[in-house]
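Survey of secondary and tertiary structure
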Amino acid sequence: MSAVHICEVGPRDGLQNARHLMPTAAKKAWIRALADAGLKEIEVGSFVPPKLIPAMADTAEIVAFARTIPGLKVVALAPNLKGFQRALEAGAHKVTFPVSASRQHSESNVRMTPEQMVEEVRKCAAVPHPGVEIEGAVSTAFGCTMQGVVPEDDVVRIAAALAEFCDGVALADTVGYANPAQVRRVFRRVRERIGGKLEGAHFHNTRGLGLANALAAYEEGVRSFDSSLGGLGGCPFAPGASGNVITEDLVFMFESMGVATGIDLAKLFAARALMTQAIPDEPVYGHMALAGLPKGFRAAA
Ligand SMILES: [Zn+2]
């Protein structure tokens, strides 16, 4: 079975939605531990206004630090041209732009329609950015807390627009509304339209379907997944709910299926311990951390 690539998004998606701030020094130690565990790509922060999201105020420093880790692809999120310029200055290897497929979510979140947001990303892509990858992430691609249903046609159209100038396109279940049948259908429709430009799947475990959705996407040919250690982060729209699909559980699922992730689970648990020490009151999730590895478990070769 072919291998998968996992991007750890805990330092960005997790901490951005967490209730507790992680000190900069602890973030660095955590990112180093994640890289030690075998993660080759980490979304380390976002270039949003620090006044809006204090947890991301140190992103430039974190990007600079993460760049010193050999072999690590350092990803940052940017919501607009200003954020993109800051990401380039800081030296991010890859910048991801969220474009909401939900009109209501987009207008309330970034005060732009999805079409205006696509144009904002197009403007960014036109800025010289040698060696820096640009990813367009279609967020709320499977449903929205404001709008409810997000038409699949809207998702396909936005993904196709982004594919014109982005290096890769991802589909994100930002609020944890997706189910596996829907995941298969939407990924298939978008792939029919943009082919190999469709790369990543970003799922949240809000309603417990994170792993099922990841497996459905895998079966549709997706080989690149976002996840966060301990499912860190929660959901701003569902108090008490967990965050992203859980890295430890995702790695276990794939490895036990014989699908290599390149990630060492024991070292991943060590990284989890560092994270929970740094923000001890923040809720974390995950079955693997509670149950441990089953007897006779063998990682994929
Ligand atoms: Zn997310």
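Heads up: the structure comes first, above all this text.
Summary of the structure given here. Counting from 1, residues in each chain are numbered in the order their sequence is written. Residue-level local features of this predicted model are given only where pLDDT is at least 70; pairs of side-chain atoms are given and counted only at 80 or more, and the full residue set underlies all totals for whole chains, interfaces and linings. With hydrogens and water excluded, all non-hydrogen atoms of the structure serve as input to the side-chain values.

Right, let's get into the coordination of the zinc ion. Of the protein atoms, only Asp 13 (OD), His 202 (NE2) and His 204 (NE2) coordinate the zinc ion, at distances of 2.0 to 2.1 Å. Buried residues are those whose accessible area, probed at 1.4 Å on protein chains only, stays under 20% of the maximum for their type, while exposed residues exceed 50% and partly exposed ones sit between those limits. By relative accessible area, Asp 13 is classed as buried at 5%. You can call His 202 buried: its relative accessible area is 9%. Coordinating donors are taken as N, O and S atoms within 2.8 Å of the metal, stretched to 3.2 Å for Na, K and Ca; because water is absent from the atoms, sites can appear incomplete.

Any two side chains of opposite charge can pair, on the condition that their charged atoms come close. Each reported salt bridge corresponds to a side-chain nitrogen of Lys or Arg within 4 Å of a carboxyl oxygen of Asp or Glu. Inspection of every chain in the model, using the stated rule, returns 20 salt bridges. For Asp 153, the salt bridge is made with Arg 189, and the minimal N-O distance between the two is 2.7 Å. In this pair, Asp 153 sits in helix 7 (residues 152-163) while Arg 189 sits in helix 8 (residues 180-194), placing the two residues 36 residues apart along the sequence. Notably, a salt bridge pairs Arg 157 with Asp 154, separated by 2.9 Å at the nearest N-O pair. A run of DSSP states H or I qualifies as a helix once it reaches four residues; a run of E qualifies as a strand once it reaches two. Both are numbered from the N-terminal end.

Moving on, we come to the pairing of strand 7 (residues 198-203). For a regular strand, the rule is simple: side chains alternate between the two faces of the sheet. Here strand 7 lies mainly inside the structure; five of its six residues are buried. We treat two strands as partners when DSSP finds at least two bridges between them. Relative to strand 8 (residues 224-227), strand 7 is paired through three bridges, and the arrangement is parallel. Each bridged residue has a counterpart across the sheet, and for His 202 the counterpart in strand 8 is Asp 226. On the question of chirality, the crossover connecting strand 7 to the parallel strand 8 by way of helix 9 (residues 210-219) is right-handed. The crossover handedness rule: strands pointing away from the viewer, path from first strand over the helix to second strand clockwise, crossover right-handed.

To estimate the expected span of a helix, subtract one from its residue number and multiply by 1.5 Å. Its 15 residues give helix 8 an end-to-end C-alpha distance of 21 Å, which sits within 8% of 21 Å, the value for a rise of 1.5 Å per residue. Residue contacts are counted whenever heavy atoms from the two residues lie within 4.5 Å of one another. Close packing links the buried residues of helix 8 with helix 7, strand 6 (168-173), strand 7 and helix 9. Gly 195, located one to two residues past helix 8, shows a positive phi value of around 55°.

For the purposes of this section, nonpolar cores are sets of buried Ala, Val, Leu, Ile, Met, Phe, Trp, Tyr and Cys residues that join through side-chain atoms within 4.5 Å. Of all hydrophobic cores here, the largest spans 89 residues; its most connected members are Val 138, Leu 162, Leu 171, Phe 187 and Phe 225. With eight residues, the single largest contributor to this core is helix 7. Dropping the residues within four chain positions of it, Leu 162 is found in contact with Val 99, Val 118, Val 121, Gly 136, Ala 137, Val 138 and Val 169.

This paragraph deals with the pairing of strand 1 (residues 5-8). Relative to strand 8, strand 1 runs parallel, the two being bridged by four bridges. Residue pairing across strands places Cys 7 opposite Asp 226, the latter belonging to strand 8. Two strands pair when backbone bridges link them, and strand 1 and strand 2 (residues 41-46) are joined in this way by two bridges, in the parallel orientation. The residue bridging Cys 7 from the neighbouring strand is Glu 41, located in strand 2.

This brings us to helix 4 (residues 81-90). If you check which residues of helix 4 are buried, you get Gly 83, Phe 84, Ala 87 and Ala 90. Mapping the buried residues of helix 4 onto a view down its axis gives an arc of 125°, with all of them on the same face. Seen from the buried face of helix 4, the exposed residues on the opposite side, beyond 90 degrees, are Lys 82 and Glu 89. The backbone nitrogen of Lys 82 has a side-chain oxygen 3.3 Å away, supplied by the residue at the start of helix 4, namely Asn 80. A positive phi of about 100° marks Gly 91, the residue just after helix 4. This arc describes the spread of directions from the helix axis toward the C-beta atoms. The term polar contact refers here to a pair of N or O atoms within 3.5 Å; inside protein, the definition further demands a hydrogen-donor-capable atom paired with an acceptor-capable atom, and it admits residues adjacent in sequence only when both atoms are side-chain atoms.

Turning our eyes to something else, we now look at the packing of helix 8 against helix 9. The contact between helix 8 and helix 9 brings their axes to 8 Å, and the two run at 35°. Every pair of crossing elements has a handedness; the one defined by helix 8 and helix 9 is right-handed. Each of Pro 180, Val 183, Arg 184 and Phe 187 in helix 8 lies in contact with helix 9, whose residues at this interface are Ala 212, Asn 213, Ala 216, Ala 217 and Glu 219. By the convention adopted, Pro, Cys, Tyr, Trp, Phe, Met, Ile, Leu, Val and Ala count as nonpolar, Lys, Arg, Asp and Glu as charged, and the other residues, Gly among them, as polar. When its residues are assigned to classes, the contact of helix 8 with helix 9 shows six nonpolar, one polar and two charged. Each axis is a line fitted through C-alpha atoms, and for a helix only the stretch in contact is used; angles between axes span 0 to 180 degrees, taken between their N-to-C directions. Crossing handedness is defined as follows: a turn of the near helix away from the far one that is anticlockwise and smaller than a right angle gives a left-handed crossing, while the clockwise case is right-handed.

Function cannot be read off these values alone, since they describe shape.
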